[in-house]
Amino acid sequence: MKKDKFKRVGCIINPNCKGGRLGKKIPIIGRALKKVFPDADLVLTKKKGDATEIATRMSKDNFDLVLVLGGDGTLNEAVNGLYNAKHTDKIEPVLGIIPSGTGNDFCRMLNIPNSFNNGLEIIKNGKIELFDFGVVKLLDFNNKKIKKCFINISDFGIIGDVVLAFNKLSFLKKTRFGFIPYIASFLKKALLGSRKEVVIKIDYEEEKEHTINNINIANGMYYGSGVNISPKSDPQDGYFNLVMLENMNPLEFTYSMLLAYRGDHLRMKNVNSRKIKR
């Protein structure tokens, strides 16, 4: 890749990543970024949703590269921002990722190094690759129809309840105590959470009723800071991997998620996995 491959570079940084430690490194990051991309624009997020707005603006302003420094949440916001730009007459910007969050699950699958300097070198000299992503149509908390896209995993069920409960915690609790608040949220929801009756239509098959604990539409392999929920996923094969955890009691579901750290949950009789398009 030529040195001037990317003429306009935008860098989105979430300074709150890693308990705010990333924000303290902004001057160092800025100097390193300018050495590789002298004319790069560096923009910090201040609140949830900022990365989406910034990525949309950079895309519409004809940036060649949108570089993301943050965790999976910041990455997902940036992906939605690029999607929202809705290009029709020109090439979309390249999305670059340097894992800087706590989980970094999408980057974990791709073995992207958790090093800013190494990441910059890979982006400058590496090749551009295409990845799949998904689009979800849903109702928000105000019962309004919306579209969201995802590059890693979209799921619903008990794990969604866990994430919702975790996100309601204060920033201090989420950052000071590491994974403990997440584990506490999981145990509370997993042990008290109820199974859900749903109707599912896969590709062009007939609708079927299921009693589920959790359903994962996976483009990537990992979520929840290393849970290998979908070991068979390939984000470049043109398919999603559907992983359904069905009709388990609370202890069985908790056990399945423990096994999922190694991807061993697929051997359980109430866990089903298959490739799908929609």
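Described in the following lines is the structure provided in the data block.

What counts and how
Residues numbered from 1 in each chain as written. Predicted model: local features only at pLDDT ≥ 70, side-chain atom pairs only at ≥ 80, totals over all residues. Heavy atoms only, no water. Helix = DSSP H or I, 4+ residues; strand = E, 2+ residues; numbered from the N terminus. Rg over C-alpha atoms; globule rule 2.2 N^0.38 Å. Buried < 20%, exposed > 50% of the residue type's maximum accessible area, 1.4 Å probe, protein only. Contact = heavy atoms within 4.5 Å. Areas by Shrake-Rupley, 256 points an atom, 1.4 Å probe, with all protein chains shown as cover. Lys, Arg positive; Asp, Glu negative; His and termini not counted. Charge placed at Lys NZ, Arg CZ, Asp CG, Glu CD. Pairing = 2+ DSSP bridges. Axes fitted to C-alpha atoms, helices over the stretch in contact; angles between N-to-C directions. Core = buried A, V, L, I, M, F, W, Y, C linked by side-chain atoms within 4.5 Å.

**Some words on the overall build of the protein chain**
A count of helices and strands for the protein chain gives 9 helices and 11 strands. Rg of the C-alpha trace for the protein chain: 19 Å, near the compact-globule value of 19 Å for 278 residues, within the 12% margin. Here the C-alpha coordinates of the protein chain stretch approximately 55 × 45 × 35 Å along the principal axes. The proportion of buried residues among the 278 residues of the protein chain is 45%. Sequence separation of 24 or more characterises 68% of the internal contacts of the protein chain that already satisfy a separation of 6 or more. For the protein chain, the accessible area works out to roughly 15,900 Å², and carbon and sulfur atoms hold 53% of it. Computed over 45 positive and 29 negative side-chain charges, the separation of the two mean positions in the protein chain equals 6 Å.

**Observations concerning unusual backbone geometry**
Even without being a glycine, Asn 104 presents a positive backbone phi close to 50 degrees. Within the secondary structure, Asn 104 is located in the loop between strand S4 (94-99) and helix H4 (105-110). The phi torsion at Asp 203 lies on the positive side, around 50 degrees, for a residue other than glycine. In this structure, Asp 203 sits in the loop between strand S8 (196-200) and strand S9 (208-218).

**Points about the sheet that holds strand S3 (residues 65-70)**
Taken in spatial order, the 4 strands line up as S2-S1-S3-S4 in an open sheet, and their pairing is parallel. Either end of the sheet is taken by a strand with one partner, and the two such strands are strand S2 (41-44) and S4. Taking each pair of neighbouring strands and ignoring which way they run, the sheet shows an average axis angle of 20 degrees. Strand direction decides the pairing type here: S3 and S4, joined by 6 bridges, are parallel. Bridge pairing links Val 66 to Leu 95 in S4. Packing of helix H2 (residues 50-60) onto the sheet brings it into contact with strand S1 (9-13), S2 and S3, and relative to S1 it is tilted by some 180 degrees.

**Regarding the nonpolar core**
Judged by nonpolar contacts, the single largest core of 20 residues is most densely connected at Leu 33, Phe 37, Leu 67, Leu 69, Phe 116 and Leu 120. Broken down by secondary-structure element, the contributors of at least two residues to this core are S1, helix H1 (26-36), S3 and helix H5 (116-125). A total of 5 residues in this core trace back to one element, the largest contributor, which is H1. What Leu 67 contacts, discounting residues up to four positions off in sequence, is Gly 10, Cys 11, Ile 12, Leu 33, Gly 96, Ile 97, Ile 98, Leu 120 and Ile 123. Core analysis: the second largest hydrophobic core is formed by 19 residues, Ile 159, Ala 190, Met 257 and Leu 259 among them.

**Side note on the pairing of S3**
The element S3 is largely enclosed, with a buried count of 6 among its 6 residues. The alternating pattern of S3 places Leu 65, Leu 67 and Leu 69 and Val 66, Val 68 and Gly 70 on opposite faces, both of which are buried. Summarising the sheet, S1 and S3 pair through 5 bridges and their orientation is parallel. If you follow Ile 13 over to S3, its bridge partner there is Leu 69.

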